[in-house]
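Residues per chain, in single letters:
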Amino acid sequence: MRIIYCIGNISGCHVNPAVSFAMLLSCKMSFKDFAGYVVAQLIGAALGGALLFWFWNIGGTEFAFGGTTPQSDNFLATNVCQPGVSQGMALLSEILLTMFFVLIILGATDEKRGFGNFAGLAIGLALGLVNIVGIPVDNCSVNPARSFGPALFSPNAWGDFWVMVVGPLAGAALAVVIWSLVARCNCRKDAE
């Protein structure tokens, strides 16, 4: 939540390609800006993954960074299907959780109906809630960049990586469709 208030007025706090994709689909961002943001997000994620890898190496390789996946298969809290979770279940989870998250972002930041200074609070709480639900499934991505950074340093993370890209992007697109319908209905109500 703090990062939203820190850089929200500078860049819109675009640290998630799924959110940037939603803004592109909503015509709130040009393709050129979208591409630039995604490149920056992936670079930032790679640097974050490198720092996490360095921290893990100096802290002891027995430390588990979240999730229930055995450390021999996964480390650095990479996004992989947890034991007993299929890729289909993880994909559905990523689509739904990202849809809810991006829908809240679209509503909270709407120029006409948004929450103004409280948008960061709504978005931060939403991210916390989707993490509570999603971490037991696949360590909760809802952000392809979040999955990309740690995966660079965990060779076993790439098998499920496509889920962490397709799911959030599909969820973001679904959120845009839903928000456009909600906003359109609300505009008609306001006009009456």
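As shown above, the structure is provided for reference.
Residues numbered from 1 in each chain as written. Predicted model: local features only at pLDDT ≥ 70, side-chain atom pairs only at ≥ 80, totals over all residues. Heavy atoms only, no water.

(A) Main features of the overall build of the chain. In terms of helices and strands, the chain carries seven helices and zero strands. Per-residue burial for the chain yields a buried fraction of 41% across its 192 residues. Within the chain, counting contacts between residues at least 6 apart in sequence, those at least 24 apart form 68% of the total. Accessible surface, the chain: about 10200 Å² in total, of which carbon and sulfur atoms supply 71%. (Helix = DSSP H or I, 4+ residues; strand = E, 2+ residues; numbered from the N terminus. Buried < 20%, exposed > 50% of the residue type's maximum accessible area, 1.4 Å probe, protein only. Contact = heavy atoms within 4.5 Å. Areas by Shrake-Rupley, 256 points an atom, 1.4 Å probe, with all protein chains shown as cover.)

(B) Molecular detail of the nonpolar core. Counting residues in each nonpolar core, the largest one holds 26 residues, and the members touching the most others are Phe 101, Val 102 and Leu 106. In contact with Phe 101, not counting residues within four places along its chain, are Asn 16, Val 19, Ile 123, Ala 126, Leu 127, Val 130 and Val 142. Counting eight residues, the second largest nonpolar core, distinct from the first, contains Val 85, Leu 91, Ile 95 and Met 164. (Core = buried A, V, L, I, M, F, W, Y, C linked by side-chain atoms within 4.5 Å.)

(C) Structural view of a nonpolar patch on the surface. Taken together, the side chains of Leu 51, Trp 54, Phe 55 and Ile 58 make up a nonpolar region of the molecular surface, amounting to roughly 480 Å² of accessible area. Within the secondary structure, Ile 58 is located in helix 3 (residues 31-59). Taking relative accessible area as the criterion, Ile 58 reaches 56% and is therefore assigned exposed. (Patch = residues over 30% accessible without salt bridge, like charges linked within 9 Å, V, L, I, M, F, W, Y side chains within 5 Å. Salt bridge = Lys/Arg side-chain N within 4 Å of Asp/Glu carboxyl O.)

(D) Quick look at the side chain of Asp 160. Residue position: Asp 160 is located in the loop between helix 6 (144-151) and helix 7 (161-191). For the buried Asp 160, which has no salt bridge, the nearest side chain bearing the opposite charge is Arg 146, at an N-O separation of 12 Å. Within the local environment of Asp 160, its side chain forms a polar contact with the backbone nitrogen of Cys 81, the two atoms lying 2.8 Å apart. When near neighbours in sequence (up to four residues on either side) are disregarded, Asp 160 contacts Asn 79, Val 80, Cys 81 and Gln 87. (Lys, Arg positive; Asp, Glu negative; His and termini not counted. Polar contact = N/O pair within 3.5 Å; in protein donor to acceptor, adjacent residues only side chain to side chain.)

(E) Layout of the packing of helix 4 (residues 87-108) against helix 5 (residues 119-138). Relative to each other, helix 4 and helix 5 sit at 175°, their axes nearing to 9 Å. Classed by the angle they form, the pair helix 4 and helix 5 counts as roughly antiparallel. Across the interface between the two elements, Met 89, Ala 90, Ser 93, Glu 94, Leu 97, Phe 101, Ile 104, Ile 105 and Ala 108 from helix 4 touch Ala 119, Ala 122, Ile 123, Ala 126, Leu 127, Val 130, Val 133, Gly 134, Val 137 and Asp 138 from helix 5. (Axes fitted to C-alpha atoms, helices over the stretch in contact; angles between N-to-C directions. Parallel < 35°, antiparallel > 145°, perpendicular 65-115°, else oblique.)

(F) Region of the structure containing the side chain of Thr 98. Mapped onto the elements of the fold, Thr 98 is located in helix 4. Judged by relative accessible area, Thr 98 falls into the buried class, the value being 0%. Residues within four places of Thr 98 in sequence aside, it is in contact with Ala 18, Val 142, Pro 168, Gly 171 and Ala 172.

(G) View of helix 2 (residues 17-25). Of all nine residues in helix 2, seven are buried; the element is thus mostly enclosed. Within helix 2, the full set of buried residues consists of Pro 17, Ala 18, Val 19, Ser 20, Ala 22, Met 23 and Leu 24. A distance of 2.8 Å separates the backbone nitrogen of Ala 18 from a side-chain oxygen at the start of helix 2, and that oxygen is part of Asn 16. Backbone geometry just downstream of helix 2 places Cys 27 in the positive-phi region, at approximately 60°.

(H) Fine view of unusual backbone geometry. A positive phi angle, near 55°, is found at Cys 140, a position not held by glycine. Relative to the elements of secondary structure, Cys 140 occurs in the loop between helix 5 and helix 6.

(I) Broad picture of the packing of helix 2 against helix 4. Following both chains from N to C, one finds helix 2 and helix 4 inclined at 55°, their axes separated by 10 Å at the closest point. If you check the angle between helix 2 and helix 4, you find them oblique. Relative to helix 4, the crossing made by helix 2 is right-handed. Contacts from Ala 18, Val 19, Ala 22 and Met 23 in helix 2 reach Thr 98, Phe 101, Val 102, Ile 105 and Leu 106 in helix 4. Its residues assigned to classes, the contact of helix 2 with helix 4 shows eight nonpolar, one polar and no charged. (Left-handed = near helix turned anticlockwise from the far one by under 90°. Nonpolar A, V, L, I, M, F, W, Y, C, P; charged D, E, K, R; others polar.)

It is worth stressing that arrangement in space is one thing and function is another; only the former is reported here.
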